[in-house]
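Single-letter residue listing:
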Amino acid sequence: MNKLVDSYNRIHNYLRISLTDSCNFRCIYCMPNEKMQCLPYGELMSPEEIFSIAKTFTKYQINKIRLTGGEPLVRRDFEEIVKRLSTLPVELNLTTNGVLLHKYADLLKEIGLHTVNISIDSLQEEKFKFLTKRNAFSQVWNNILLFVNRGFQVKLNTVLMKNVNDDEIKDFISLTKNFPIQVRFIEFMPFNGNQWEKNKVITMDEMLDEIDSHFIYEKIQDHNHDTTKKFKVKGYEGTFAFITTMSQPFCQGCNRMRITADGKMKNCLFGKDEFDILGTLRKGEDIEPLIQSFLKNKHKKMGGQFENFIKLNPEYLKNRSMIKIGG
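Residues numbered from 1 in each chain as written. Predicted model: local features only at pLDDT ≥ 70, side-chain atom pairs only at ≥ 80, totals over all residues. Heavy atoms only, no water.

> Can you tell me about the sheet that holds strand E5 (residues 91-96), naming the residues and giving the values?
Pairing within the open sheet is mixed, and its twelve strands lie in the order E9-E10-E11-E8-E7-E6-E5-E4-E3-E12-E13-E14. At either end of the open sheet lies a strand with only one pairing partner, and these are strand E9 (217-219) and strand E14 (275-276). Across five bridges, the pairing between strand E3 (residues 14-18) and strand E4 (residues 64-68) is parallel. Within the sheet, the bridge partner assigned to Leu15 lies in E4 and is Ile65. (Pairing = 2+ DSSP bridges. Helix = DSSP H or I, 4+ residues; strand = E, 2+ residues; numbered from the N terminus.)

What follows is the structure in structure tokens.
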């Protein structure tokens, strides 16, 4: 069985599939502050097309698929999609804003999904409402507790921004005292329309300086292809981690591929190159040569668009907004 290897000898075995560019939240770092037109249903990949594309990838030893959005749970055919994908020989995971999770707890348990990443950028109700434009903190928090109690591996994704929610680092880490969760602090990343500024980025080193004054912690062993740098407060049930996309990129171990909701393959979150896998499939053509071209054209670092975020001018980036790419 062939492996998917790019020009820099990186083996790719992890596929992220965006199910929709629609979302029931309006997070400021994800969605441009303007009226957005979501894709009509006919331009999204259908459940049959998602399954067909994913099945093709499993020929190449893909062993992990993550479903993202937008918000994947707003798809009315979400149940059909996950039931189909659960028949493939892969680890199936989900990233969600959590507000609809209670509706799918039994289904996700039934199909054997183990890990759920839940985006939550504040533990304060009013600030949560400011960041998401929705008054839904209680529902999200209740669903976090529900999934912890149901035995899922729960990871909380928190995008930190200076002078916005960086005062909550201690509160998030305190959650790991009694809950077997992983809190993941994500450095603020630039996408079309999200008003990124380098002085809003809080690096891992800056966060650790704050954490040092409150906790005694230890480093945990990271693994190949990990995007996180993991730590644990001594005696606590859970862990905390950093996704250092901006200050300490992890491109050298990249094993990820992305498919947008409209069926375009992206070989990097920051890459401008796109490969029309859905259009090729709908024409009845073989998508495997496109996959090989996708790998051949992958850049060494940061989609070939920048090296150092300190010198980055976001106006020169050519990309989609985060919600149009998939988390």
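> Help me get a handle on the pattern of salt bridges, residues and values and all.
All chains considered together, the criterion is met by 17 salt bridges. Here Lys219 ties to Asp222 by a salt bridge, and the two come within 2.7 Å at their closest N and O atoms. Overall, Lys219 belongs to the partly exposed group, its relative accessible area being 44%. Of the residues examined, Asp222 reaches a relative accessible area of 23% and is grouped as partly exposed. (Salt bridge = Lys/Arg side-chain N within 4 Å of Asp/Glu carboxyl O. Buried < 20%, exposed > 50% of the residue type's maximum accessible area, 1.4 Å probe, protein only.)

> Give a detailed account of the packing of helix H1 (residues 47-58) against helix H2 (residues 78-85), specifying residues and quantitative values.
Packing of H1 against H2 leaves a shortest axis separation of 9 Å and a crossing angle of 25 degrees. The orientation of H1 relative to H2 falls into the category roughly parallel. Judged by the sense of rotation from one axis to the other, the crossing of H1 with H2 is right-handed. The segment H1 lies against H2, with Pro47, Glu48, Ile50, Phe51 and Ala54 engaging Glu80, Ile81, Arg84 and Leu85. Its residues placed into classes, the contact of H1 with H2 shows six nonpolar, no polar and three charged. (Axes fitted to C-alpha atoms, helices over the stretch in contact; angles between N-to-C directions. Parallel < 35°, antiparallel > 145°, perpendicular 65-115°, else oblique. Left-handed = near helix turned anticlockwise from the far one by under 90°. Contact = heavy atoms within 4.5 Å. Nonpolar A, V, L, I, M, F, W, Y, C, P; charged D, E, K, R; others polar.)

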